[in-house]
Amino acid sequence: MKLSTKGRYGTMALLDLALHANNGPVPLKDIARRQTIPLHYLEHLIGPLVAAGIVGSTRGARGGLHLLKAPKDIKLSEVIYLLEGSMAPVVCVTNPESCPRAESCVTRDVWDEVKRAVDGVLEATTLQDLVDRQKKKDQATKGMYHI
């Protein structure tokens, strides 16, 4: 099971917005540059985040994007489900009718456990958790390169 670039890039863009929130609206081109995400691809990812009320957009010379919710109130489960859909590794986990053996299949039980584990991590992790982790990593790497 892999996350597509939608989920990865969308999460990276939200993290960038959260890290630069104190600077006012963040231009999309700045996020694309810092996160090395193609601008045209990022433009498509932002639409669903705006429609869901996670990100707001300000037009004009000093316009850009901003978070509409506090980072502590944005769960990764919400973001990933919005951009990726279900994290089930196989269709029969979310749609048992797709397989005539679904009720008696032990491998389906394992795939369901995998989905529940992934969902649990995503549900328990907020954008603020990512901000905190990033700041710790930034501090750790600063110390590594100063001699």
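### A few points about the overall build of the protein chain
Next up, step 1: The helix and strand inventory of the protein chain stands at seven helices and two strands.
Next up, step 2: Ordered by position from the N terminus, the helices and strands of the protein chain form the series α-α-α-β-β-α-α-α-α.
Next up, step 3: Projected onto its principal axes, the C-alpha coordinates of the protein chain cover approximately 60 × 45 × 25 Å.
Next up, step 4: When the 147 residues of the protein chain are sorted by exposure, 34% land in the buried category.
Next up, step 5: A total of about 9,400 Å² of accessible surface is found on the protein chain, and carbon and sulfur atoms cover 56% of it.

### Section: the pairing of strand β1 (residues 55-58)
Next up, step 1: Here β1 runs beside strand β2 (residues 64-67); their pairing, made up of four bridges, is antiparallel. Paired with Thr 58 across the bridge in β2 is Gly 64.
Next up, step 2: In this structure, the hairpin formed by β1 and β2 is closed by a connection of five residues, where Gly 60 is found at a positive phi of approximately 110 degrees.

### What to know about the confidence of the model for the protein chain
Should pLDDT be low for a region, the predicted coordinates there are not to be read in detail.
Next up, step 1: With 96% of its residues at a pLDDT of 70 or more, the protein chain has an overall mean of 92.
Next up, step 2: Mean pLDDT values over the elements of the protein chain span from 88, in helix α7 (residues 127-145), up to 97, in helix α1 (residues 5-19).

### A few points about the nonpolar core
Soluble globular proteins: nonpolar side chains tend toward being buried together.
Next up, step 1: Core analysis: the biggest nonpolar cluster contains 29 residues, and Leu 14, Leu 17, Ile 31, Leu 42, Val 55, Leu 67 and Leu 127 have the highest contact counts within it.
Next up, step 2: Elements represented by at least two residues in this core include exactly α1, α2 (28-35), α3 (39-51), β2, α4 (76-84) and α7.
Next up, step 3: Take this core: its biggest share by element is six residues, from α1.
Next up, step 4: Ignoring any residue separated from it by four or fewer positions in sequence, one finds Leu 14 in contact with Leu 49, Ile 54, Val 55, Leu 67, Val 79 and Leu 127.

### Digging into unusual backbone geometry
Next up, step 1: With phi around 50 degrees, Thr 36 is a residue other than glycine that occupies positive phi space.
Next up, step 2: Residue classification places Thr 36 among the exposed positions, given a relative accessible area of 65%.

### Let's talk about a negative patch on the surface
Next up, step 1: Residues Glu 97, Glu 103, Asp 109 and Glu 113 make up a contiguous surface patch of negative charge.
Next up, step 2: Along the chain, Glu 97 falls in the loop between α5 (91-94) and α6 (106-124).

### What to know about the pattern of salt bridges
Next up, step 1: Scanning the entire structure with this criterion turns up eight salt bridges.
Next up, step 2: Residues Lys 29 and Asp 30 are paired through a salt bridge, measuring 3.7 Å at the closest nitrogen-oxygen approach.
Next up, step 3: The class for Lys 29 is exposed, based on a relative accessible area of 55%.
Next up, step 4: Asp 30 gets classed as buried once you look at its relative accessible area, which sits at 19%.
Next up, step 5: Overlapping salt bridges, with partners in common, bring together Lys 29, Asp 30 and Arg 33 in one network.

Calculation notes
- Residues numbered from 1 in each chain as written.
- Predicted model: local features only at pLDDT ≥ 70, side-chain atom pairs only at ≥ 80, totals over all residues.
- Heavy atoms only, no water.
- Helix = DSSP H or I, 4+ residues; strand = E, 2+ residues; numbered from the N terminus.
- Buried < 20%, exposed > 50% of the residue type's maximum accessible area, 1.4 Å probe, protein only.
- Areas by Shrake-Rupley, 256 points an atom, 1.4 Å probe, with all protein chains shown as cover.
- Pairing = 2+ DSSP bridges.
- pLDDT = per-residue confidence, 0-100.
- Core = buried A, V, L, I, M, F, W, Y, C linked by side-chain atoms within 4.5 Å.
- Contact = heavy atoms within 4.5 Å.
- Patch = residues over 30% accessible without salt bridge, like charges linked within 9 Å, V, L, I, M, F, W, Y side chains within 5 Å.
- Salt bridge = Lys/Arg side-chain N within 4 Å of Asp/Glu carboxyl O.
- Lys, Arg positive; Asp, Glu negative; His and termini not counted.
- Charge placed at Lys NZ, Arg CZ, Asp CG, Glu CD.

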